[in-house]
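Coordinates in review
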Amino acid sequence: MDIFLNIFFPFLLTGFIYISLKPLIIYLTKIKVMDMPKKRSNHSIPTPKGAGLIIIPTIIVSIVFFIYFDLINHEPWFLISSLTLVLWVTSIFDDFYNLPSIPRLVIQGLCVFIAIKFLNNEISDLAQTIMLIANFEINKEVFNYFLKLLIFLYWLWLINLFNFMDGMDGITGFQVCTFSMGVIILSIFGSLPNENGYVGIILFSSFLGFLFWNKPPARIFLGDSGSIPIGFLISSIIILSLIKQQNFIPTMILILFHFIDSTLTICLRALKRKNIFEAHSDHFYQKKIRSGSSHQKVLEKINIVNLALIIFSILYLYLGVLSLIFSILLVFKLLHWLNGKNEKYK
């Protein structure tokens, strides 16, 4: 059974996603569930959206399957899978009917709140550890609530940044794959729990099948039904590594480009007094595409950096903060190029 789950099952997962997306593309085109080109869009032809309709339930069923064989712990992953299902259903309505941002944020907030409530004991342990290390003289209960608030906002932001960054052919698919590769390697090194490695295998295999259809030029987009739930799953791995004090920074390094690009973009929009909840095309990678670079060229540069971030994530185990500094510098180097300021790379 171990050989099947570790070797054959991932191939079956990739093959299933690849095969099942073709009829979905035809169906979504027929019922006109399309991402129509707009002024802010980075594509020029109508493209079906909603690959998450197949990918997310496949991932959820796979996680439950691994839980059944005790390769992934029932707690907290059954709860996380259930909350992912709630976000998936909500996001389907958004893909089909364009829900307002407030109801979506409320449901996302409720899911995060439930997850935090479930992880109350682990968060209390983290709060106590921080207070001991930093020698804070503050009421323990007050600090505990403050920490929960920070985790709530951070978790909510991580979910949404995957949705914000899903604006170019292949970008989310490759990010999920490189993140999953890093998590699998860190698990093999013993730096993350084995269950994270199995979740990584499921995510990698699923999105590898998706990339056949989403690489430039994309035949189908992930849609909110994919980007929001996958953002929740990936952010859950990151938040769990933080709360359980299991190599949070190496895990965070794996999505550093997504995190810095989206965070800087929102901060810059806020400073310019633009509506941060409004759809836009101000991300660094979007600027580069609008300046004339192809999706393929921009994606190659981003992928090189994301692959390098896997190496820096592993090196953090040995070099510590030095590896984090190099990771940040590398991402800012890429952002500099994407912003169109570094002529020699054009």
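Here the structure is a predicted model, which means the values were calculated and not measured.

Here the focus is the overall build of the protein chain. For the protein chain, the helix and strand inventory stands at 14 helices and two strands. Rg of the C-alpha trace for the protein chain: 20 Å, near the compact-globule value of 20 Å for 346 residues, within the 12% margin. If one aligns the C-alpha atoms of the protein chain with their principal axes, the spans along those axes are about 55 × 50 × 40 Å. Out of the 346 residues in the protein chain, the part that is buried amounts to 53%. In the protein chain, once contacts between residues fewer than 6 apart in sequence are set aside, the share between residues at least 24 apart is 74%. In the protein chain, the 27 positive side-chain charges and the 19 negative ones have mean positions that sit 13 Å from each other.

Among the nonpolar cores identified, the biggest contains 80 residues, and I59, W77, W155 and I230 are the most heavily contacted of them. With eleven residues, the top contributor of residues to this core is helix α6 (residues 140–164). Apart from residues lying up to four places away in sequence, W77 is in contact with I63, I67, I72, E195, N196, V199, L233, S236, I237 and L240. Within the second largest apolar cluster, 22 residues are counted, among which are I253, Y316, V331 and W337.

This next bit is on helix α14 (residues 321–338). For α14, with 18 residues, the first-to-last C-alpha span of 26 Å sits near the 26 Å given by 1.5 Å per residue. Within α14, burial applies to S323, S327, V331, L334, L335, W337 and L338. What you see down the axis of α14 is that its buried residues fit within an arc of 160°, all on one side. Structural note: α14 exposes V321 and L329 on the side pointing more than 90 degrees away from its buried face.

Following both chains from N to C, one finds helix α7 (residues 171–188) and helix α13 (residues 295–319) inclined at 20°, their axes separated by 10 Å at the closest point. For the element pair α7 / α13, the angle class is roughly parallel. α7 and α13 meet at a crossing whose hand is right-handed. The residues of α13 that touch α7, namely those facing I171, F174, Q175, T178, M181, G182, I185 and L186, are L299, I302, N303, N306, L307, I310, S313, I314 and L317. In terms of residue class, the contact of α7 with α13 is built from eleven nonpolar, six polar and no charged.

Attention shifts here to the packing of aromatic side chains. Tallied over the full model, the rule gives 17 aromatic pairs. Ring geometry for F66 versus Y198: centroids 5.7 Å apart, planes at 50°, classification tilted. Taken together, the residues span a long stretch of sequence, with F66 in helix α2 (residues 52–68) and Y198 in helix α8 (residues 194–214) at a distance of 132 residues. No difference in accessibility class separates F66 from Y198, as the two residues are buried. A ring pair is formed by W157 and F164, whose centres lie 5.7 Å apart and whose planes are at 50°; its orientation type is tilted. Here a set of aromatic residues connected by ring pairs shows up, and it is made of F9, F65, F66, Y68, F69 and Y198.

Turning our attention to the side chain of D261. Tracing the backbone shows D261 in helix α11 (residues 256–271). Here D261 occupies a buried position and makes no salt bridge, while the nearest side chain of opposite charge, K287, is found at 8.3 Å. Not counting residues within four places of it along the chain, the set of residues in contact with D261 comprises M165, H283, F284, Y285 and L335.

Attention now goes to empty space enclosed by the protein. Applying the stated criterion across every chain yields a total of one cavity of 30 Å³ or more. Approximately 40 Å³ is the volume found for the largest cavity. What lines the largest cavity is simply L87, T90, S91, R104, Q108 and I228. Those elements that provide at least two residues to the lining of the largest cavity are α3 (74–97) and α4 (101–118). Ranked by residues supplied to the lining of the largest cavity, first place goes to α3 with three residues.

By the secondary structure assignment, R269 is in helix α11. For R269, a relative accessible area of 5% corresponds to the buried category. At 2.5 Å, the side chain of R269 forms a polar contact with the side chain of D282. In contact with R269, other than residues within four places in its own chain, are K274, N275, I276, E278, H280 and D282.

Here we take up the pattern of salt bridges. Tallying each qualifying case throughout the model produces three salt bridges. Of the charged contacts in the structure, one is a salt bridge between R269 and D282, with a shortest N-O distance of 2.5 Å. With a gap of 13 residues between them, R269 in helix α11 and D282 in the loop between α11 and α12 (284–290) connect regions that are remote in the sequence. Across the pair K274 and D282 runs a salt bridge, and its minimum N-O distance is 3.6 Å. The class for D282 is buried, based on a relative accessible area of 19%. A network of salt bridges, in which partner residues are shared, links R269, K274 and D282.

Looking now at the confidence of the model for the protein chain. When pLDDT is averaged across the protein chain, the result is 91; 95% of the residues are at 70 or more. Across residues 342–346, confidence stays below pLDDT 50; counting only partners more than four residues off in sequence or on other chains, it has eleven contacts.

Thresholds, definitions, all that
- Residues numbered from 1 in each chain as written.
- Predicted model: local features only at pLDDT ≥ 70, side-chain atom pairs only at ≥ 80, totals over all residues.
- Heavy atoms only, no water.
- Helix = DSSP H or I, 4+ residues; strand = E, 2+ residues; numbered from the N terminus.
- Rg over C-alpha atoms; globule rule 2.2 N^0.38 Å.
- Buried < 20%, exposed > 50% of the residue type's maximum accessible area, 1.4 Å probe, protein only.
- Contact = heavy atoms within 4.5 Å.
- Lys, Arg positive; Asp, Glu negative; His and termini not counted.
- Charge placed at Lys NZ, Arg CZ, Asp CG, Glu CD.
- Core = buried A, V, L, I, M, F, W, Y, C linked by side-chain atoms within 4.5 Å.
- Expected span 1.5 Å × (residues − 1).
- Arc of directions from axis to C-beta.
- Axes fitted to C-alpha atoms, helices over the stretch in contact; angles between N-to-C directions.
- Parallel < 35°, antiparallel > 145°, perpendicular 65-115°, else oblique.
- Left-handed = near helix turned anticlockwise from the far one by under 90°.
- Nonpolar A, V, L, I, M, F, W, Y, C, P; charged D, E, K, R; others polar.
- Phe/Tyr/Trp six-rings, centres within 6.5 Å; stacked < 30°, edge-to-face > 60°.
- Salt bridge = Lys/Arg side-chain N within 4 Å of Asp/Glu carboxyl O.
- 1 Å grid on protein atoms, 1.4 Å probe; cavity = no way out; pocket = protein on both sides within 12 Å on 5 of 7 lines; lining within 4 Å.
- Points joined across faces, edges and corners; volume = space filled by probe spheres on them.
- Polar contact = N/O pair within 3.5 Å; in protein donor to acceptor, adjacent residues only side chain to side chain.
- pLDDT = per-residue confidence, 0-100.

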